[in-house]
Amino acid sequence: MINTIKSLLGNSKLSKIQPFDFSMLEIPQIISFFLHCFIQEKKEYLLVVETRQLAEDFYQILNSQENASPVRLYTGHDHKLYSSILSSEGLLQQRLQILYTLFLQKKNGQQPFPLITTLEDLFLLTPPVSFFEEHYHPIHVEDILSPQDLISLLQRYGYIQAPIVDSPGNYCLKGEILDFYAHEGPVRLSYFDEIIESIYLIDEENNKTIKNSPLSLIHPLPSSQVFAHRQSNFASTFRNRLPSSASQQRFFQQWRQQTLSNLESGILFPQYPLFAPLFFQQNETLLSFWDEKTPLLLAFSDDLKTEEENFYAKLKEERLSYLDSPERLQNPVYLPAPENLFLENWPKALESFRGFKLKKSSAGATPSALPLFSYLSEFFLKRNIASKNQKQD
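A few points on the structure. (Residues numbered from 1 in each chain as written. Predicted model: local features only at pLDDT ≥ 70, side-chain atom pairs only at ≥ 80, totals over all residues. Heavy atoms only, no water.)

Regarding the overall build of the chain
Counting its regular elements, the chain contains 13 helices and 14 strands. Taking all 393 residues of the chain together, 50% fall into the buried category. Of all intrachain contacts in the chain linking residues separated by at least 6 positions in sequence, the fraction that spans at least 24 positions is 72%. (Helix = DSSP H or I, 4+ residues; strand = E, 2+ residues; numbered from the N terminus. Buried < 20%, exposed > 50% of the residue type's maximum accessible area, 1.4 Å probe, protein only. Contact = heavy atoms within 4.5 Å.)

As structure tokens, this is what we get:
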């Protein structure tokens, strides 16, 4: 059975998501399957699980394995959406970085890296691919691009000046040396007049040039602050997409007017990471950046339509509860409706992708992903301990 799955996953003619009952397999067979996918063959898969905890656990498990391909975790919002809790700017930046990497790999005809996410985050609305195409500007050694011209480009990407470059979105100019945080990491450019003479990575711990790591090509990375650039259309798009219902009450009218005024002045509001989809006329999802020929592994128990219905029902209930709560009056901020944050019609979005999905067993029981990952966690833990003991001996 496992060999059949392996051959199907490697079969380019597999044209859709195939349901598969993992309950027919013994745990060692399931472990063999995941070992094959992520470690032995070092294939590029998108693993979609039910909960954030499962995604994080499996991310830790796979990245702890020797000789495994580096696996990344794609994380959406880490809090209850309809509350006064602020969405993380750092997580927004991480999502932009992963999407930009996938964009570059697809543009260059490369296979994507192994990725883990949740069903909810898979359908979180993102900037469209065209946004990254518009912010695609490769920089080579010996390019004629003056420091001031490059700084203008970086500012359009949302970069801000800082004493040192220690996080995405920062740049620092000192004489003929320009540092900024590129897609490849923090880099240092040395100039001769207006010619880029050399590019090196920077050690983030001591801010020193890593002399043994010269680079010939780098890519400025759009920052999460890009929506504040005053010469862009983001403010006007946000104004047009912000529903008029936000101004029905005096408190919300004041919030709306102040928010839009600040955006026109290049100032973002505290909750802006949650509102990121509203800065674009059209949105896409992680799937738009994923190679359709690269298989998906969907590890959740209900059918996709049921998962979507339950998810939206829960969000709508939470939103109504928040609108009627005292917390809302203390925090008079409009919060977008679920359909402004997440894609609708999940089954249709997966029609062109191939892979496998955990399904209900023929006996009618619903196998849970939780025992599966518990067994995997225990197996990998014992495997690592044994490997370390062998090295010590």
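Side note on the packing of aromatic side chains
Tallied over the entire structure, the rule returns 25 aromatic pairs. Each ring, one from Phe-131 and one from Phe-132, has its centre 5.0 Å from the other, and the planes form 80 degrees; the classification is edge-to-face. Of the two residues, Phe-131 and Phe-132, neither departs from the other in class, the shared state being buried. One Lys or Arg, Lys-211, reaches over the ring of Tyr-200 and ends 5.2 Å from the middle of that ring. (Phe/Tyr/Trp six-rings, centres within 6.5 Å; stacked < 30°, edge-to-face > 60°. Lys NZ or Arg CZ within 6 Å of the ring centre and 35° of its normal.)

Side note on helix α7 (residues 147-156)
Buried within α7 are the following residues: Pro-147, Leu-150, Ile-151, Leu-153 and Leu-154. The buried residues of α7 occupy an angular sector of 160 degrees when the element is viewed end-on, so they sit on one face. The inward-facing, buried residues of α7 abut β5 (139-140), β7 (170-174), β8 (177-182) and β9 (185-192). Looking at the residues trailing α7, positive phi occurs at Gly-158, about 100 degrees. (Arc of directions from axis to C-beta.)

Section: the environment of His-219
Within the secondary structure, His-219 sits in the loop between β12 (217-218) and α8 (234-241). Measuring from C-alpha to C-alpha, the distance between His-219 and Glu-184 comes to 7.1 Å, with 35 residues separating the pair along the chain. The contact partners of His-219, leaving out residues within four places of it in the chain, are Tyr-100, Leu-104, Tyr-136, His-137, Pro-138, Ala-182, His-183 and Glu-184.

Structural notes on the sheet that holds β9
Strand order in the open sheet made by the 6 strands is β6-β7-β8-β9-β10-β11, with mixed pairing throughout. For this open sheet the edge positions go to β6 (160-161) and β11 (209-214), each flanked by a neighbour on one side alone. Pairing of strand β10 (residues 195-202) with β11 involves 2 bridges; the strand directions are antiparallel. What sits directly across from Ile-202, in β11, is Thr-209. Running over the sheet, α7 touches β7, β8 and β9 and is turned about 165 degrees from β7. (Pairing = 2+ DSSP bridges. Axes fitted to C-alpha atoms, helices over the stretch in contact; angles between N-to-C directions.)

Here's the deal with the pairing of β10
Where β9 lies against β10, 6 bridges are found, and the strand directions are antiparallel. Paired with Ser-190 across the two strands is Ser-198, which belongs to β10. Between β9 and β10, which pair antiparallel in sequence order, lie 2 residues; one of them, Asp-193, sits at a positive phi of approximately 60 degrees. Connecting β10 to the next strand, β11, in antiparallel fashion are 6 residues, including Asn-207 with a positive phi near 65 degrees.

What to know about the environment of Leu-268
Summarising the element assignment, Leu-268 is placed in the loop between α9 (250-264) and β13 (296-299). In this structure Leu-268 comes out as buried when scored by relative accessible area, which is 16%. Ignoring any residue separated from it by four or fewer positions in sequence, one finds Leu-268 in contact with Ser-224, Gln-225, Phe-227, Ala-228, Leu-263 and Phe-279.

Here we look at the pattern of salt bridges
Inspection of every chain in the model, using the stated rule, returns 5 salt bridges. The closest approach of N and O atoms between Lys-107 and Glu-133, which form a salt bridge, is 2.9 Å. In this pair, Lys-107 sits in helix α4 (residues 89-107) while Glu-133 sits in helix α6 (residues 129-134), placing the two residues 26 residues apart along the sequence. The shortest N-O distance in the salt bridge between Glu-264 and Arg-239 comes to 3.7 Å. In this pair, Glu-264 sits in helix α9 while Arg-239 sits in helix α8, placing the two residues 25 residues apart along the sequence. You can call Glu-264 partly exposed: its relative accessible area is 40%. (Salt bridge = Lys/Arg side-chain N within 4 Å of Asp/Glu carboxyl O.)

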